[in-house]
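Listed below, chain by chain, are the residues.
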Amino acid sequence: MQILDGKLVSQAVKDQLATQVASLKAQGKKIPHLAAILVGNNGASETYVASKVKSCAEIGYNSTLLRFEDTIPEKHLLDHIAMLNENPDIDGILVQLPLPKHINEELVINTIDPSKDVDGFHPMNVGKMVSGLPAFIPATPYGIMLMLEHYNIDTKGKHAVVIGRSHIVGTPVSILLSRNTNPGNCTVTLCHSHTKNLAEICRQADIVVAAIGRPNFVTADMVKEGAVVIDVGINRMEDASKKSGFRLVGDVDYAAVAPRCSYITPVPGGVGPMTIAALLKNTYLAATGQRGHQN
């Protein structure tokens, strides 16, 4: 069993981007600039955004963090996004989700200029991804593909089972794995909470992507020997022994499943860092005038 180390791969991606940014600076060209919007004081969102801003600084990007109270009127938020759309110095825009209930997330995402939508959530980018056209791919699925590529995992002709059909992870990663690319060329089964015989289907998988948002959902009896397991889940479990009062666990019962795998991602330190690395890659593509990743 080999651990798919997201921290290691993410650092490799960031090192490459730092070199490219240094080259842009040396040529007097524009430096990538990411604008992040944070609404309210959600603890997890605070952590995610702080990590993204820190990563920008590490590799030489410019970044702007716009913070708003959770009482901000929806129109004011949309107006700020419109200003970022019009600002030629801003290359990438991300709005940290979730948003307060009085704000329509779909409307917010649709307001972002698709050419600055480095999270890859805009319907135009999603549609282009489905059509195999250059697009900004959602960061977590893109990060998973970068990880498979880094470890040179053979995906051609393999059976991949994706558990979870969200538009942020499950559905796009199922599309990317089925593409005629490397990594890719899988036969993909997309499962969800209403799938019958889920355990039986999972046992047929050479590659399992767990993105259902339920702690320790994938158990040892659901995974065949030698499978590659990608755990997208980040769930908080109460743990009195921790200073924070909780610990992070994935959607996979890691201790039980890991001995059966050829490769597995840990939680934390697996897919999470790769999501940020992919976001940074998308921002570089936006800054250099490339219309996203060709898949």
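Anything mentioned here points back to the structure above.
Notes on the structure in this doc start here.

Here the focus is the overall build of the chain. Of the regular secondary structure elements, the chain holds 10 helices and 11 strands. Relative to the 2.2 N^0.38 estimate, which gives 19 Å for 295 residues, the radius of gyration of the chain is 19 Å and therefore close to what a compact globule would have. C-alpha extents for the chain along the principal axes are approximately 50 × 45 × 35 Å. In the chain, buried positions account for 49% of the 295 residues. Long-range contacts, defined here as pairs at least 24 residues apart, represent 70% of the contacts in the chain between residues at least 6 apart. When the accessible surface of the chain is split by element, carbon and sulfur atoms take 52% of a total near 13400 Å². Across the chain, the mean location of the 27 positive side-chain charges is 3 Å away from that of the 27 negative side-chain charges.

With that settled, consider the state of the cysteines. Note on terminology: a disulfide is the covalent bond linking the sulfur atoms of two cysteines. Under the criterion given, the structure shown has 0 disulfides. Its sulfur unpaired, Cys186 is 14 Å from the next cysteine sulfur, which belongs to Cys191. According to the relative accessible area criterion, Cys186 is buried, its value standing at 8%. Considering cysteine sulfurs only, Cys191 is the nearest to Cys202, which forms no disulfide, with 5.7 Å between them. Taking the relative accessible area as the measure of exposure, Cys202 reaches 1% and is therefore buried.

The next point concerns unusual backbone geometry. Generally, phi is negative for residues other than glycine and the peptide bonds are trans, each holding for most cases. The amide bond that connects Leu97 to the next residue, Pro98, takes the cis arrangement and shows omega of 5°. In this structure, Pro98 sits in the loop between strand 4 (92–95) and helix 4 (105–111). For the peptide bond that leads from Asn182 to Pro183, omega is 0°, which places it in the cis range. Residue placement: Pro183 occurs in the loop between helix 7 (170–178) and strand 6 (187–191). Located in the positive-phi region is Asn152, a residue other than glycine, with phi close to 55°.

With their axes 8 Å apart at the nearest point, helix 1 (residues 6–26) and helix 10 (residues 271–287) run at an angle of 20° to one another. As far as their axial angle goes, helix 10 and helix 1 are roughly parallel. In the packing of helix 1 onto helix 10, the handedness of the crossing is left-handed. Residue-level contacts link Gly6, Lys7, Val9, Ser10, Val13, Lys14, Gln16, Leu17, Gln20 and Leu24 of helix 1 to Pro273, Met274, Ala277, Leu280, Lys281 and Tyr284 of helix 10.

Residue placement: Met237 occurs in strand 9 (residues 235–238). Given the relative accessible area of 26%, Met237 is considered partly exposed. Through-space distance from the C-alpha of Met237 to that of Leu248 is 6.3 Å; in sequence the pair is 11 residues apart.

One open sheet holds the 3 strands; their spatial order is 3-2-4, and the pairing between them is parallel. Unpaired on one side and paired on the other, strand 3 (62–68) and strand 4 mark the two borders of the sheet. Across the sheet, the mean angle from the axis of one strand to that of its neighbour is 15°, orientation sign disregarded. Relative to strand 3, strand 2 (residues 33–39) runs parallel, the two sharing 7 bridges. Bridge pairing in strand 3 places Val39 opposite Phe68. Sitting on the sheet, helix 3 (residues 74–86) is in contact with strand 2, strand 3 and strand 4, with an inclination near 180° to strand 2.

Ordered in space as 1-11-8-7-5-6, the 6 strands form an open sheet in which the pairing is parallel. Single-partner strands in this sheet number two, and they are strand 1 (2–3) and strand 6. One ladder, built from 4 bridges, connects strand 5 (residues 159–163) with strand 7 (residues 207–210); its direction is parallel. Within strand 7, the residue paired with Val161 across the bridge is Val208. The sheet contacts of helix 7 involve strand 5, strand 6 and strand 7, and relative to strand 6 the element is tilted by about 170°.

Moving on, we come to the pairing of strand 4. What you see with strand 4 is no split at all: Gly92 and Leu94 on one side and Ile93 and Val95 on the other are buried throughout. Both strand 2 and strand 4 contribute to a ladder of 4 bridges, which runs parallel. The partner of Leu34 across the bridge, within strand 4, is Gly92.

Glancing now at the pattern of salt bridges. Summed over the entire model, instances satisfying the criterion amount to 7 salt bridges. Glu58 is the salt-bridge partner of Lys14, the closest N and O atoms lying 3.1 Å from each other. Taken as a pair, Lys14 in helix 1 and Glu58 in helix 2 (residues 43–59) lie far apart in primary sequence, 44 residues in all. Judged by relative accessible area, Lys14 falls into the buried class, the value being 9%.

Conventions adopted
- Residues numbered from 1 in each chain as written.
- Predicted model: local features only at pLDDT ≥ 70, side-chain atom pairs only at ≥ 80, totals over all residues.
- Heavy atoms only, no water.
- Helix = DSSP H or I, 4+ residues; strand = E, 2+ residues; numbered from the N terminus.
- Rg over C-alpha atoms; globule rule 2.2 N^0.38 Å.
- Buried < 20%, exposed > 50% of the residue type's maximum accessible area, 1.4 Å probe, protein only.
- Contact = heavy atoms within 4.5 Å.
- Areas by Shrake-Rupley, 256 points an atom, 1.4 Å probe, with all protein chains shown as cover.
- Lys, Arg positive; Asp, Glu negative; His and termini not counted.
- Charge placed at Lys NZ, Arg CZ, Asp CG, Glu CD.
- Disulfide = S-S within 2.5 Å.
- Axes fitted to C-alpha atoms, helices over the stretch in contact; angles between N-to-C directions.
- Parallel < 35°, antiparallel > 145°, perpendicular 65-115°, else oblique.
- Left-handed = near helix turned anticlockwise from the far one by under 90°.
- Pairing = 2+ DSSP bridges.
- Salt bridge = Lys/Arg side-chain N within 4 Å of Asp/Glu carboxyl O.

Just distances and angles here, no functional claims.
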